[in-house]
Protein chains: 2
Amino acid sequence: MRISELSKASGVPVATVKYYLREGLLEPGEAVNARESAYDDRHLSRLRLIRGLVHVLGASITQVRGVLEIIDAPDLPPLKAMGRATAALPAVGEHGDRTNATEPDRAVAVLQSLGYRFEPDTSTVRQLEAALEVAEDAGITLDDEQLAVYGEAARRIARADFARIPWQDAELATTFAVLGTALYEPVLLALRRLAHHELGIELNEGQGDEASDEA
Amino acid sequence: MRISELSKASGVPVATVKYYLREGLLEPGEAVNARESAYDDRHLSRLRLIRGLVHVLGASITQVRGVLEIIDAPDLPPLKAMGRATAALPAVGEHGDRTNATEPDRAVAVLQSLGYRFEPDTSTVRQLEAALEVAEDAGITLDDEQLAVYGEAARRIARADFARIPWQDAELATTFAVLGTALYEPVLLALRRLAHHELGIELNEGQGDEASDEA
């Protein structure tokens, strides 16, 4: 297909496709003549992947390049790829200048009480620390019961995610491990907000009140 | 305290504090003399809240203003406030230009199969649709088993969140409902990534391999 068709099929503007080509995120198409190249389904699926990383996760071009390199690395075991991609991708909450120079004391205490096995000096532990700190600063510290439910829910979800990974196909397993880490996050968050809304409906019915505005 | 002390205590630069004052997000301090004002703990807690919304959620100034108006609205029932704040805050995944002009067919099918009570034409349903679409585009569609686990986990978490809300104090309940919706999200995501890491350690041990790089 031509670049205009690739653009249409992926929903990515032609100018942006050209930018990804210049940045080397997308391999050049096959030259048809001096002005035109032909693209195939591999280009389309790569383009959809880049779009997902940029639009859903807010990944920078540098971060996208990092993830693509991990996916394309030959013979990298899926679990290693998953760990590296997690470190390479933006954490939810990485919008600001929060540097977390201090030790992640809150996060370590929570993880220990939940019985998690973890390494303290990793980006995800620092992300948890920042999230706990912000909730505390805002005066809505999570209590132990709540954290226990969050911790157990996260483990159930992780087991379901791992059960979905096609381990027998190393390349496909890597794609699942790398992308599922990040791309399933908005699914979970949307479902949590919808579960809040559902509980709100039930509570309001119990009170004989009208339902809340919007989920 | 002086503006410099307010800045130090909140971790927000003086120039940014002045910007929030100009934008009306923060109430003016009490004038001490022609050049200086005094600020108190209410200013500090409001400033921490703004910082959390901006830095953790990536909220815009307009979105912050919307949430503060909801929190400050007298006599707004906490559940209504929660619904409105959810609609006002940025959804995870709102980084791009995805317009979701199409019907949220995937999301509706998933929610029906999970037995969720929902209203189809809401921002959260559209957020779920976008998230499912991105996963599908990337070739890692969630399967039914996985979605059932996500849906049940989200409901458990929502119940724990509601149990934490101090309903007897309407103002505090509103703060919990509005902020907990959003500020607990990064906690959940960090725990999920850490649960992946933990499973990875266990899998590697089972294979006699070394642990993955980074969580």
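Everything that follows concerns the structure shown earlier in this document.
First things first, this report covers the structure right here in the doc.

Definitions and cut-offs
Residues numbered from 1 in each chain as written. Chains lettered and ligands numbered in written order. Predicted model: local features only at pLDDT ≥ 70, side-chain atom pairs only at ≥ 80, totals over all residues. Heavy atoms only, no water. Helix = DSSP H or I, 4+ residues; strand = E, 2+ residues; numbered from the N terminus. Buried < 20%, exposed > 50% of the residue type's maximum accessible area, 1.4 Å probe, protein only. Contact = heavy atoms within 4.5 Å. Areas by Shrake-Rupley, 256 points an atom, 1.4 Å probe, with all protein chains shown as cover. Least-squares fit on C-alpha atoms with pLDDT ≥ 70 in both. Buried area = accessible area lost by both parts, 1.4 Å probe. Salt bridge = Lys/Arg side-chain N within 4 Å of Asp/Glu carboxyl O. Polar contact = N/O pair within 3.5 Å; in protein donor to acceptor, adjacent residues only side chain to side chain. Axes fitted to C-alpha atoms, helices over the stretch in contact; angles between N-to-C directions. Parallel < 35°, antiparallel > 145°, perpendicular 65-115°, else oblique. Nonpolar A, V, L, I, M, F, W, Y, C, P; charged D, E, K, R; others polar.

Of the regular secondary structure elements, chain A holds 10 helices and two strands. Reading chain A from its N end, one meets helices and strands in the order α-α-β-β-α-α-α-α-α-α-α-α. For chain A, the proportion of its 215 residues judged to be buried stands at 53%. Partitioning the intrachain contacts of chain A with sequence separation of at least 6 by distance along the chain shows that 56% fall at a separation of at least 24. With the model as given, the accessible surface of chain A reaches about 9,700 Å², and the carbon-plus-sulfur share is 48%.

A few words now on the relation of the copies chain A and chain B. Overlaying chain A on chain B yields an RMSD of 0.0 Å, the required transformation being a rotation through 180 degrees with an accompanying axial translation of 0.0 Å. Considering both components of the superposition, the chain copies are consistent with a two-fold axis. Among all residues of chain A, the one whose C-alpha sits closest to the rotation axis is A153 of chain A, at a distance of 2.5 Å. Same-surface contact between copies: 100% of interface residues of chain A are shared with the interface of chain B.

A few words on the environment of L21 of chain A. Residue and element names in this part refer to chain A. Along the chain, L21 falls in helix α2 (residues 14-22). Using a relative accessible area of 22% as the deciding quantity, one classes L21 as partly exposed. Beyond its immediate sequence surroundings of up to four residues, L21 is in contact with I3, L26, E27, P28 and Y39.

So, about the interface of chain A and chain B. It is common to give the size of an interface as the accessible area lost on bringing the parts into contact. Each side of the interface is counted separately: chain A has 100 residues, and chain B has 101 residues. A buried area of about 9,700 Å², summed over both sides, lies between chain A and chain B, and 65% of it is on carbon and sulfur atoms. Its largest share of buried area at the contact with chain B, chain A owes to R117, I140 and R193 of chain A, together 8% of the area lost on that side. In this structure, the connection of chain A to chain B is made through 11 salt bridges. Between R192 of chain B and D161 of chain A there is a salt bridge, with its nearest N and O atoms 3.0 Å apart. Put simply, chain A and chain B have 27 residue pairs in polar contact (both at pLDDT 80 or more) between them. When contributions to the side of chain A that touches chain B are tallied by element, the ones reaching two or more residues are α3 (41-55), α5 (78-88), α6 (105-114), α7 (123-137), α8 (144-164), α9 (170-183) and α10 (185-206) of chain A.

Residues and elements named next belong to chain B. Running from amino to carboxyl end, helix α9 (residues 170-183) crosses helix α10 (residues 185-206) at an angle of 30 degrees, the nearest separation of the two axes being 5 Å. Considered as vectors, α9 and α10 are oriented roughly parallel to each other. Contacts between α9 and α10 involve T181, A182 and L183 from the first element and E185, P186 and V187 from the second. In terms of residue class, the contact of α9 with α10 is made up of four nonpolar, one polar and one charged.

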